[in-house]
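Tertiary structure, described
Listed below are the residues making up each chain.
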Amino acid sequence: MRITRFAKPLLTAAVLSALATAVTAQDKVLNLYSARHYQTDEALYANFTKATGIRINRVDTDDAGLLARLKSEGGASPADVVLLVDAARLWQAEEDDLFLPVKSTVLEQRIPAHLRAKASDKGTAWFGLSTRARVIVYNKLNVKKQDVLNYEDLGDPKNKGRVCTRSGSHPYNLSLFGSVYEHLGAAATETWLKGVVSNMARAPKGGDTDQIKAVASGECGVAITNTYYLARMMRSDKPDDRAAVEKIAVVFPNQQSWGTHINIAGGAVAKHAKNRENAIKFLEYLSSDEAQGYFANGNNEWPAVAGLRPANPALAALGNFKSETIPVAAIGPNLPKVQQLLDRVGYK
């Protein structure tokens, strides 16, 4: 086919236009690996795309699956942003060199220093985006509040045969135990964990919701749970959930000492992100008032940004409390030592 001298410029322009369109399309993409399985987050993603024009491609699985996938993909990974739901997991991913430290004035101003990774010359590896408290729930008929005011009370003989938990090696518990280790040290933490095991009403099993229901049924007298599980039941329309909530009470532990343990859900830029600017924009969006409101009102998590007041009736009913202020990044290094303690005391 012969191309005339008049057609050549048109063809060249068409090719350049197609290339420009391809580049623009590439610039408007974000590949998200998420361990958040909350339907209410859909609004977050839709609003981000609406505001920026950046389309989100999402991979959803659990934290362990995401981290394994990132490791196996290596430099070929398409992931730009990684969302995980526990400080221990974020720390482990940082240790495994799966994140790209970034510098963002917005994130540094919005996210308190104790809710993010320790900064280096290269930047910060991850940022907490929402928080949840690990609280004690107890059966109002069988247990007195004064017997469960502190985490330490879970290992006190006065609570013999009352305590129920999920697996000691679950990251939610590991983060709590890593926090206790930071406050009490190795010897006292081991003594405490040995007491918790001795006080158990049954072997550890199930998730946090199962612990709440076991307390309500009388199978256990006391258990620990993240607050968003409790708030979810408080807002539930299911009669069984509402009935269970009526039978239990909640304590924010250690109000007279170091405060209640706070865990986070957080995000990071993937080490081999191809769309780094878009990734930072997305994390910055998740720190905005709008996104923080979705975390609180949609999934019953407290905002990571200080001073925001979510319009969530369950969180309001739980009330104000003193939270611990140790850096969540300090918990991770304690976990290998905590796991050794768990093995020694037989905490399954």
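The structure presented is a predicted model; accordingly, all values stated were derived computationally and were not measured.

Details of the packing of helix H8 (residues 208-217) against helix H9 (residues 227-234)
Following both chains from N to C, one finds H8 and H9 inclined at 60 degrees, their axes separated by 9 Å at the closest point. Between H8 and H9, the angle falls in the class oblique. Crossing geometry of H8 relative to H9 is assigned as right-handed. Contacts between H8 and H9 involve Asp 208, Thr 209, Ile 212 and Lys 213 from the first element and Tyr 229, Leu 230 and Met 233 from the second.

Side note on the state of the cysteines
Per the counting criterion, the structure on display carries 1 disulfide. For Cys 164, the disulfide goes to Cys 220, at an S-S distance of 1.9 Å. Linking Cys 164 and Cys 220, the disulfide has an S-S dihedral of approximately -80 degrees and is accordingly described as left-handed. Of this pair, Cys 164 sits in strand E5 (residues 163-164) while Cys 220 is found in the loop between H8 and strand E6 (222-226), placing the two residues 56 residues apart along the sequence. Here Cys 164 matches Cys 220 in class, with each residue buried.

Quick word on the confidence of the model for the protein chain
With 92% of its residues at a pLDDT of 70 or more, the protein chain has an overall mean of 91. Of the regions scoring below 50 in pLDDT, residues 1-26 engages in 3 contacts with residues more than four places distant in sequence or in other chains.

Observations concerning helix H3 (residues 63-73)
Along H3, the positions that sit buried rather than exposed are Asp 63, Leu 66, Leu 67, Leu 70 and Glu 73. Looking down the long axis of H3, one finds its buried residues gathered within 135 degrees of arc, a one-sided arrangement. With respect to the buried face of H3, the exposed residues turned more than 90 degrees away are Ala 64, Lys 71 and Ser 72. On its buried face, H3 sits against strand E1 (29-34), strand E2 (55-60), strand E3 (81-84) and helix H4 (87-95). Once H3 ends, the next one or two residues include Gly 74, with phi positive near 55 degrees.

Section: unusual backbone geometry
Residue Asn 254 is not a glycine yet carries a positive backbone phi of 60 degrees. Its location among the elements puts Asn 254 in the loop between strand E7 (248-251) and strand E8 (262-269). Non-glycine residue Asn 300 carries a positive phi angle of around 60 degrees. Assignment of secondary structure puts Asn 300 in the loop between helix H12 (289-299) and strand E9 (302-303).

Concerning the nonpolar core
Counting residues in each nonpolar core, the largest one holds 47 residues, and the members touching the most others are Leu 84, Phe 99, Trp 126, Phe 282 and Leu 286. Beyond its immediate stretch of four places on either side in the chain, Phe 99 contacts Val 82, Leu 84, Leu 90, Ala 93, Glu 94, Ala 125, Trp 126, Ala 268, Val 269, Ala 270 and Lys 271.

Side note on the packing of aromatic side chains
Under the counting rule described, the total for this entry stands at 10 aromatic pairs. Seen from their ring centres, Tyr 45 and Phe 282 are 6.2 Å apart, and the 35 degrees between their planes marks the pair as tilted. Taken as a pair, Tyr 45 in helix H2 (residues 41-52) and Phe 282 in helix H11 (residues 276-286) lie far apart in primary sequence, 237 residues in all. Like Phe 282, Tyr 45 is buried. Centre to centre, the rings of Tyr 228 and Tyr 229 are 4.4 Å apart; their planes meet at 25 degrees, and the pair counts as stacked. Of the two residues, Tyr 228 and Tyr 229, both sit in the buried class.

What about the side chain of Arg 166?
Following the sequence through the fold, Arg 166 ends up in the loop between E5 and helix H6 (171-184). Within the structure, the side chain of Arg 166 is placed 2.9 Å from the side chain of Asp 208, a separation counted as a polar contact. Leave out the neighbours within four places in its chain, and Arg 166 touches Arg 134, Tyr 172, Asn 173, Pro 204, Lys 205, Gly 206, Gly 207, Asp 208, Gln 211, Tyr 229 and Tyr 347.

Brief notes about the pairing of strand E4 (residues 127-139)
Most of E4 is tucked away, with 13 of its 13 residues classed as buried. Here 2 bridges tie E4 to E9, and the two strands are oriented antiparallel to one another. Of the residues in E9, the one forming a bridge with Thr 131 is Trp 302. As judged from the 5 bridges shared by E4 and E6, these two strands associate in the antiparallel manner. Each residue of the ladder has a partner; that of Ile 136, found in E6, is Ile 224.

Topic: the pattern of salt bridges
Tallied over the full model, the rule gives 17 salt bridges. Between Glu 301 and Arg 132 there is a salt bridge, with the nearest N and O atoms lying 2.7 Å from each other. Taken together, the positions of Glu 301 in the loop between H12 and E9 and Arg 132 in strand E4 put the pair 169 residues apart, joining distant regions of the chain. Owing to a relative accessible area of 0%, Glu 301 belongs among the buried residues under this scheme.

Criteria and thresholds
- Residues numbered from 1 in each chain as written.
- Predicted model: local features only at pLDDT ≥ 70, side-chain atom pairs only at ≥ 80, totals over all residues.
- Heavy atoms only, no water.
- Axes fitted to C-alpha atoms, helices over the stretch in contact; angles between N-to-C directions.
- Helix = DSSP H or I, 4+ residues; strand = E, 2+ residues; numbered from the N terminus.
- Parallel < 35°, antiparallel > 145°, perpendicular 65-115°, else oblique.
- Left-handed = near helix turned anticlockwise from the far one by under 90°.
- Contact = heavy atoms within 4.5 Å.
- Disulfide = S-S within 2.5 Å.
- Buried < 20%, exposed > 50% of the residue type's maximum accessible area, 1.4 Å probe, protein only.
- pLDDT = per-residue confidence, 0-100.
- Arc of directions from axis to C-beta.
- Core = buried A, V, L, I, M, F, W, Y, C linked by side-chain atoms within 4.5 Å.
- Phe/Tyr/Trp six-rings, centres within 6.5 Å; stacked < 30°, edge-to-face > 60°.
- Polar contact = N/O pair within 3.5 Å; in protein donor to acceptor, adjacent residues only side chain to side chain.
- Pairing = 2+ DSSP bridges.
- Salt bridge = Lys/Arg side-chain N within 4 Å of Asp/Glu carboxyl O.

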